Amino acid sequence: MLTQQHTDLCQQVRAFGEAEIAPRVSAMEETRAVEHHLPQLIARQGWIGVAVSRRFGGMGAGHLAKTLIIEELSRVSAAMGTAAQASQLGTAMIVHHGSSEQQQDWLPRVADGSCLPTIAVTEPGSGSHVLGMESTARRSRGDWVLNGRKCFVGNSHVGGVHGVVVRTGRGRGHGSLSAFLVEADRPGLSVPAHRPRHGLHGFACGELVLDNCRIPAANMLGEPGDGLAVAYSSSILYGRANLAAVALGIHQAVVDTSSAYAGSQRRYGRPLAALSAVEQRLGQMRAGLMSGRVIAYDAVSRLDRGEACDDELVNAKLQTARWAQESAQWGMEVHGAAGLLVEHGIERLHRDAQHLWAPAGTGDIQAKRLAEGVTGHHTQHLPWSVLLAPSLASTCDGMTRSPAPSGVLAEAHA
Ligand SMILES: Cc1cc2nc3c(=O)[nH]c(=O)nc-3n(C[C@H](O)[C@H](O)[C@H](O)COP(=O)(O)OP(=O)(O)OC[C@H]3O[C@@H](n4cnc5c(N)ncnc54)[C@H](O)[C@@H]3O)c2cc1C
């Protein structure tokens with residue numbers, strides 16, 4: 001499944017992570033402040049444009065390559081992996097729903113790393129209930145005027161352009177929302193101070209306040225009433241896969257950290273790793289990681305091949321998040337009391353893993369969606385991976401498809 005291009009990319013990202021990100025992790029943990037420099041440095045590597053067509057200067061390397069980049073970054077710092085994935089969603093809004101002028105304007109800047117887009121859908125009173133949002137846009141002298149408050153916006157403090165979904169129609173129907181591009185320096189847009197969070201320290205995930213924020217009509221993404229489609233398609237095709245990649249990165253780090261600790265300690269005159277309870281946990285952790293890679297890489301490879309795969313993406317997010325959280329708990333147990341000490345790193349991974357449940361659909365939402373596939377309660381007729389197949393093809397126009405000589409999937413980039 002991995003080509004030589006993929007394995008080379010993994011090595012490149014890993015070298016970058018070790019050289020540039022790893023030395024900053026303890027400072028991010030200590031200060032808990034927003035990290036501005038690293039997301040921009042990651043963007044300047046061209047990695048936010050990994051699934052942007054070469055026509056716009058992107059890598060055109062597709063969704064498996066995107067997954068590998070996010071996974072490798074998350075292995076070193078889940079906060080920076082999450083920052084990289086958040087801007088991929090904002091980018092997806094422009095790739096799949098932007099006009100040709102919007103694409104010409106923004107995608108070259110995404111590709112060269114000078115602009116980090118965001119996606120702003122969640123509100124304090126809605127969350128999973130996207131159609132329950134209250135923020136609005138109203139017409140005024142040919143412009144749109146936006147009012148409301150978005151929360152948990154990934155890269156809120158470092159984003160250059162925000163893909164904001166708000167209410168433009170009456171009622172709660174599917175056509176009641178629209179999407180807009182709001183530049184970070186627009187008058188009427190403000191970003192309140194960063195609030196402390198459980199983990200992912202360094203990652204900006206804050207609020208956007210829209211107070212009579214006037215934007216030109218040309219900033220609308222798609223047509224009036226397309227907001228729900230913009231939000232859902234970006235979340236299903238990109239968000240699910242991206243969070244699966246973050247989960248894999250955290251999971252790999254949990255396995256690395258726990259096995260190193262168990263190998264370095266002695267109890268009862270032999271290595272800790274030789275105790276059957278510890279050995280069982282390490283084995284189960286690795287099983288979850290291997291299975292997670294198979295389902296996540298398979299799902300995104302289907303996107304690259306132009307196959308229908310919405311449910312596979314949903315499943316990948318559900319399972320990789322669950323398995324990473326389970327392993328993070330086992331990792332804490334393998335460390336005993338030492339796991340509570342910051343210096344071993346496992347408590348950071350345990351905290352960061354808690355952030356996998358909610359984004360891009362909570363675990364409940366993923367399970368509900370998969371259940372609908374068997375109960376016949378699917379509200380949408382065609383999968384997004386089918387509906388957006390023409391524009392998805394442009395996301396991997398720079399990809400070579402030859403198999404890697406080794407042909408190894410799961411631990412090829414170990
Ligand atoms: C790290 C991180 C990054 C994020 N990035 C972004 C971003 O970039 N942009 C953005 O807009 N948002 C972002 N979010 C917010 C995320 O999209 C929301 O957290 C998510 O949509 C869930 O909403 P909520 O947290 O308000 O939970 P709620 O929807 O309030 O859910 C609360 C509980 O109820 C359950 N529940 C809700 N509805 C149902 C249902 N229909 N069936 C069964 N159970 C249900 C949930 O599973 C959960 O357990 C991010 C969140 C995190 C943690």
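Residues numbered from 1 in each chain as written. Predicted model: local features only at pLDDT ≥ 70, side-chain atom pairs only at ≥ 80, totals over all residues. Heavy atoms only, no water.

### So, helix H7 (residues 227–264)
Along an α-helix, a turn takes 3.6 residues, which lines up residues three or four apart on a common side. The criterion, for reference: Strands are runs of DSSP state E lasting at least two residues, helices are runs of H or I lasting at least four, and both sets are numbered from the N terminus onward. To estimate how far a helix should extend, the number of its residues minus one is multiplied by 1.5 Å. To obtain the bend at a residue, axes are fitted to the seven residues ending there and to the seven starting there, and the angle between these axes is taken. Relative accessibility thresholds used throughout: buried, under 20% of the residue-type maximum; exposed, over 50%; partly exposed, between the two (1.4 Å probe, protein chains only).
Taking 1.5 Å as the rise per residue, H7 with 38 residues should run 56 Å; its terminal C-alpha atoms sit 53 Å apart, in good agreement. Where H7 bends most, at Ser235, the angle is about 40°. With 31 of 38 residues buried, H7 lies mostly within the body of the structure.

### Topic: a nonpolar patch on the surface
Formally: Only residues whose relative accessible area exceeds 30% and that form no salt bridge enter a patch; like-charged residues are grouped when within 9 Å of one another, and nonpolar side chains (Val, Leu, Ile, Met, Phe, Trp, Tyr) when within 5 Å. Using a 1.4 Å probe, accessible areas were evaluated by the Shrake-Rupley method; residue-level cover was limited to the displayed protein chains. By salt bridge we mean one thing: a side-chain nitrogen of Lys or Arg within 4 Å of a carboxyl oxygen of Asp or Glu.
A grouping of Leu382, Val386 and Leu387 is seen on the molecular surface, where their side chains present a nonpolar patch of about 210 Å² in accessible area. Mapped onto the fold, Leu387 is located in helix H12 (residues 384–387).

### Description of the domain arrangement of the chain
Stated formally: Annotation comment: domain bounds sourced from an automatic or database domain assignment. Throughout, a contact is declared for two residues whenever any of their heavy atoms are within 4.5 Å. Buried surface area refers to the total accessible area, computed with a probe of radius 1.4 Å, that the two partners give up upon joining, counted for both partners together. Any pair of nitrogen or oxygen atoms within 3.5 Å is treated as a polar contact; in protein, a donor-acceptor pairing is required on top of that, and neighbouring residues in sequence qualify only through side-chain atoms on both sides. Note on residue classes: Ala, Val, Leu, Ile, Met, Phe, Trp, Tyr, Cys and Pro are nonpolar, Asp, Glu, Lys and Arg are charged, and everything else, Gly too, is polar.
If you check the domain split of the chain, you get domain 1 (4–116), domain 2 (119–225) and domain 3 (229–387). A straight line from the C-alpha centre of domain 2 to that of domain 3 covers 29 Å. Taken together, the contacts link 12 residues of domain 2 with 10 residues of domain 3. Counting each side, the surface lost to burial between domain 2 and domain 3 is near 910 Å², with a carbon and sulfur contribution of 73%. The tally of links from domain 2 across to domain 3 stands at 0 salt bridges. Our count for the domain 2 to domain 3 interface comes out at 4 residue pairs in polar contact (both at pLDDT 80 or more). The residue makeup of the side of domain 2 that touches domain 3, split by class, is 7 nonpolar, 4 polar and 1 charged.

### Structural notes on the layout of surface pockets
The criterion, for reference: Only protein atoms enter the 1 Å grid used here. Points where a 1.4 Å probe fits but cannot escape make up a cavity, open sets with protein on both sides within 12 Å along at least five of seven lines make up a pocket, and a residue lines them when an atom lies within 4 Å of a point. Grid points are joined across faces, edges and corners, and a volume is the space filled by probe spheres set on the points.
Within this model, the second largest pocket holds a volume of roughly 230 Å³. Forming the boundary of the second largest pocket are 13 residues, of which Phe152, Arg195, Cys205, Gly206 and Glu207 lie nearest the centre. Contributions of two or more residues to the lining of the second largest pocket are made by strand S3 (143–154) and strand S7 (205–216). Broken down by element, the lining of the second largest pocket gets its largest block of residues, 3 residues, from S7. Of the residues in the lining of the second largest pocket, the class split is 7 nonpolar, 3 polar and 3 charged.

### A short note on the packing of helix H8 (residues 276–305) against helix H9 (residues 310–335)
Using the following cut-off: Fitted lines through C-alpha atoms serve as axes, helices being fitted only where they are in contact, and the angles separating the N-to-C directions of these axes extend from 0 to 180 degrees. Here is the rule for angles: anything less than 35 degrees is roughly parallel, anything more than 145 is roughly antiparallel, 65 through 115 is roughly perpendicular, and the remaining ranges are oblique. In this scheme the handedness of a crossing depends on how the near helix is turned from the far one: anticlockwise by less than a right angle means left-handed, clockwise means right-handed.
Close contact between H8 and H9 brings their axes to 9 Å; oriented N to C, the two are set at 160°. Classified by the angle their axes make, H8 and H9 are roughly antiparallel. Helix-helix and strand crossings are classified by hand; for H8 and H9 the assignment is left-handed. In the contact of H8 with H9, the residues fall into 12 nonpolar, 9 polar and 5 charged.

### Quick word on empty space enclosed by the protein
Rolled over the atoms, a probe with the dimensions of a water molecule shows which regions are left empty. Going through the model one piece at a time under the given rule, you end up with 1 cavity of 30 Å³ or more. Its volume calculated, the largest cavity comes out at about 40 Å³. Taken together, Val25, Met28, Glu29, Ser77, Ala78, Ala79, Leu200, His201, Arg348 and Asp352 form the lining of the largest cavity. Elements represented by at least two residues in the lining of the largest cavity include exactly helix H2 (25–31), helix H5 (78–97) and helix H10 (346–353).

### Side note on the nonpolar core
Taken as a class, soluble globular proteins show a tendency for nonpolar side chains to be buried jointly. Heads up, the rule is: Nine residue types can take part in a nonpolar core, namely buried Ala, Val, Leu, Ile, Met, Phe, Trp, Tyr and Cys, and a core is a set of them joined through side-chain atoms within 4.5 Å.
Among the nonpolar cores identified, the biggest contains 105 residues, and Ile21, Leu73, Leu237 and Leu356 are the most heavily contacted of them. Sort the elements by how many residues they give to this core and H7 lands first, with 19 residues. Leave out the neighbours within four places in its chain, and Leu73 touches Val13, Phe16, Ile21, Ile42, Trp47, Met80, Gly81 and Ala84. The next biggest cluster of nonpolar side chains, apart from the first, holds 15 residues, and it includes Ala120, Leu146, Val166 and Val182.

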